[in-house]
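# Tertiary structure, described
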Amino acid sequence: MVSKQDSDWFPIMRLSRYFLPVQKENPAEAEIVSHRLMLRAGMIRQASAGIYSWLPLGYKVLRKIEDIVHDEQQKAGAIPVLMPTIQSADLWRQSGRYDDYGAEMLRITDRSDREMLYGPTNEEQITEIAGAGIRSYRDLPRILYHIQWKFRDEVRPRFGVMRGREFLMKDAYSFDLDKDGARHSYNRMFVSYLRTFERMGLKAVPMRADSGPIGGDMTHEFLILAETGESAVFLDRNLAELSFGDSAIDWEDASALQGIVDRYTASYARTDETHEEAVFESEVPEDRRLTARGIEVGHIFYFGSKYSKPLNATVNKPDGEVVPFESGSYGIGVSRLAGAIIEASHDDKGIIWPEAVAPFEVAVINLRQGDAEADGACEDLYAKLNARGLDVLYDDRDERAGAKFATIDLIGVPWKLVVGPRGLKEGVVELVNRRNGETENLSPEDAMNRLAATYGRA
RNA sequence: CGGAGCGUGGCGCAGCUUGGUAGCGCACCUGUUUUGGGUACAGGGGGUCGCAGGUUCGAAUCCUGCCGCUCCGACCA
């Protein structure tokens, strides 16, 4: 488990002083459940088509998702950088994509009539950076990544942040001397993705992607299984049951990584784009054939010297030969994940956040605001939970119990600590699990210990 | 890009056909009441009716143009 994040950025919170514009009614424009819930829970507000502001609650979730992605990228050996959103057209002319990319690319001219663009992706830019900074085979391999806003002028933005025009993406780029090295880098990212999504409480399955003009087997999409997914997916049920748990990984051991990748790619798993029914039926026994829907949250591919060649990003080999980098790129839709997690985890009351990405880890609910005993007990719990490193929201609004439960359930806090005069007379508070509704009456101390243990805090 | 539709307080909507100076529910404010899963009553604040032009004594309503947004389909983290 991650430790409580960024407490300086996200100070402890009591709801009476927070900014949480929740709505009782469904916005008319929101068709899918994650979009509806994000609007109702006050996570986002639309600025224009496919462009959103992230309000405090949504921003907090986004940051928690980012934290996990950062952590897993770096564990896998990738190095963080930050490239600009605005790029010069020149680089894109060199790679030949300035004309190829078409209307999806937002083009801008500055005051000197220079042609600029709001980056839809960063292959050109990172290749230029790597080319300038890496001269020798001794400097390889390297994987650089950043998490940055992208803009793609989609013809039809929809589904809230699931397909916005502006979106936050983690994109990593690998640089290797040869194809074997590139495969190792590819496998690092492959395994990193499995861990990343698993940590977020998601079941993401790698599926063979359309390899396009480059060809080869080194391209996979990672899809979360969710009823409302955009793509139909076909897979061996066994794949959906694989998991890492806590097992350690030796990222430098190329053959070990290859073993993991092989295990996850041994069984049939494809989207409707590459699906072949005959192959599906011959490779997967009938009782293991799973047909479902999925949301694409990651995409990795190897593209060799597609960019290094035209951009002249080269490196010296031991024998003095000068060769272009062998590269791949590896994307995770960070802002999309916020929506995708909700698609995969909600009920009719609202969002059910997996603990690792929940905006708040526990909500203290005061059933009788203004009652001296209840107020005192809540303040005490609030202070102590904070001191123990838990991300706690105290619902201290002067509202009835029902309104508090409705709000807290809507915004999906995984645990509720329910405090009222009645329970306090017996010396207990209620610890309620959002997902299954299970309730336990515990002493305040026991309840806090239980929460700390759940989140791996002292 | 092809097809359909919608813009009226923060949200959900009615009013438009048949022009007469804007209404309902939620939310918000005040008071009373209530208090262990969205209390009840009373009072109240808030809207250039997307924008511009036109017709008319008078336009949310009719006409023209523009802008914005959504949905279905083809394309993508």
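None of the values given here were measured: they were computed from a predicted structure.

With that settled, the discussion passes to the overall build of chain A. A count of helices and strands for chain A gives 14 helices and 24 strands. In terms of overall size, chain A behaves like a compact globule, its C-alpha atoms giving a radius of gyration of 24 Å where 458 residues would be expected to give roughly 23 Å. Dimensions of chain A, computed from the C-alpha atoms along their principal axes, are close to 80 × 60 × 45 Å. The buried share of chain A, taken over its 458 residues, is 53%. For chain A, restricting intrachain contacts to residue pairs at least 6 apart in sequence, the fraction spanning at least 24 positions comes to 72%. Accessible area for chain A stands at about 20200 Å²; split by element, carbon and sulfur atoms hold 46% of it. Distance between charge centroids for chain A: 3 Å, based on 57 positive and 74 negative side chains.

Moving on: the nonpolar core. Formed by 86 residues in total, the largest nonpolar core has its most connected members in Met 43, Ile 65, Phe 197, Met 200, Leu 235, Leu 337 and Trp 353. A per-element tally of this core places helix α6 (residues 179-199) first, with eight residues. Apart from residues no more than four positions distant in its own chain, Leu 337 is found in contact with Ile 65, Phe 197, Met 200, Leu 202, Ile 224, Val 297 and Ile 332. Of all hydrophobic cores here, the second largest spans 23 residues; its members include Ala 377, Cys 378, Val 392 and Leu 431.

We now examine the pattern of salt bridges. Counting across every chain of the model gives 31 salt bridges. Between Arg 97 and Glu 123 there is a salt bridge, and its shortest N-O distance comes to 2.9 Å. Residue Arg 97 is located in helix α4 (residues 97-100), and its partner Glu 123 is located in helix α5 (residues 123-133); the two are separated by 26 residues in the primary sequence. This pair shows no difference in class: Arg 97 is buried, exactly as Glu 123 is. For the salt bridge of Arg 97 with Glu 124, the shortest nitrogen-to-oxygen distance reads 2.7 Å. One end of the pair, Arg 97, is in helix α4; the other, Glu 124, is in helix α5, and 27 residues separate them in sequence. Pair check on accessibility: Arg 97 and Glu 124 agree, each one buried. If you follow the salt bridges from partner to partner, you end up with Asp 71, Glu 72, Lys 75, Arg 195 and Arg 199 in one network.

Attention now moves to the protein's contact with RNA strand B. Close to RNA strand B lie 46 residues, the nearest being Arg 156, Arg 163, Asp 409, Arg 422 and Glu 430. Take the atoms of RNA strand B that sit within 4 Å of the protein: sugar and phosphate atoms are 48% of them. Take Glu 430: an N or O atom from its side chain is 2.5 Å from a base nitrogen of RNA strand B. Elements supplying a minimum of two residues to the surface near RNA strand B: β2 (44-48), β9 (166-176), β14 (289-304), β17 (326-333), α12 (401-411) and α13 (421-426).

On the basis of which strands lie adjacent, the open sheet formed by three strands has the order β5-β7-β6 and antiparallel pairing. Sheet topology places β5 (86-88) and β6 (106-109) at the edges, where each strand pairs with a single neighbour. Taken pair by pair, the neighbouring strands of this sheet meet at an average axis angle of 40°, ignoring direction. Two strands pair when backbone bridges link them, and β6 and strand β7 (residues 115-118) are joined in this way by four bridges, in the antiparallel orientation. Bridging from a neighbouring strand, Thr 109 pairs with Glu 115 of β7.

Right, let's get into the pairing of strand β21 (residues 392-395). Residues Val 392 and Tyr 394 point to one face of β21 and Leu 393 and Asp 395 to the other, with burial holding for every one of them. Pairing between strand β1 (residues 13-14) and β21: two bridges, direction parallel. Bridged to Arg 14 within β21 is Tyr 394. Bridge count for strand β20 (residues 362-366) against β21 is four bridges, and the pairing is parallel. Each residue of the ladder has a partner; that of Ala 363, found in β21, is Leu 393. In this region the chain leaves β20, passes through helix α11 (residues 372-387) and returns to the parallel neighbour β21; the handedness of that crossover is right-handed.

Let us now look at the packing of aromatic side chains. Counting across every chain of the model gives 15 aromatic pairs. Measuring from centroid to centroid gives 5.7 Å for Trp 92 and Tyr 101, while their planes differ by 80°, and the two rings are edge-to-face. By relative accessible area, which is 22% here, Tyr 101 ends up partly exposed. Connected via pairs of aromatic rings, a cluster forms that spans Phe 190, Tyr 193, Phe 197 and Phe 222. Stacked on the ring of Tyr 98, the Lys or Arg Arg 107 has its end atom at 4.6 Å from the ring centre.

Reading across from one edge, β1-β21-β20-β22-β23-β24 is the order of the six strands in this open sheet, with mixed pairing throughout. Because the sheet does not close on itself, it has two edges, and the strands there are β1 and β24 (439-442). Sheet strands in contact with α12 are β20, β21 and β22 (415-419), and its direction is about 170° off that of β20.

What counts as what
- Residues numbered from 1 in each chain as written.
- Chains lettered and ligands numbered in written order.
- Predicted model: local features only at pLDDT ≥ 70, side-chain atom pairs only at ≥ 80, totals over all residues.
- Heavy atoms only, no water.
- Helix = DSSP H or I, 4+ residues; strand = E, 2+ residues; numbered from the N terminus.
- Rg over C-alpha atoms; globule rule 2.2 N^0.38 Å.
- Buried < 20%, exposed > 50% of the residue type's maximum accessible area, 1.4 Å probe, protein only.
- Contact = heavy atoms within 4.5 Å.
- Areas by Shrake-Rupley, 256 points an atom, 1.4 Å probe, with all protein chains shown as cover.
- Lys, Arg positive; Asp, Glu negative; His and termini not counted.
- Charge placed at Lys NZ, Arg CZ, Asp CG, Glu CD.
- Core = buried A, V, L, I, M, F, W, Y, C linked by side-chain atoms within 4.5 Å.
- Salt bridge = Lys/Arg side-chain N within 4 Å of Asp/Glu carboxyl O.
- Near = heavy atom within 4 Å.
- Polar contact = N/O pair within 3.5 Å; in protein donor to acceptor, adjacent residues only side chain to side chain.
- Pairing = 2+ DSSP bridges.
- Axes fitted to C-alpha atoms, helices over the stretch in contact; angles between N-to-C directions.
- Right-handed = clockwise from strand over helix to strand, strands pointing away.
- Phe/Tyr/Trp six-rings, centres within 6.5 Å; stacked < 30°, edge-to-face > 60°.
- Lys NZ or Arg CZ within 6 Å of the ring centre and 35° of its normal.

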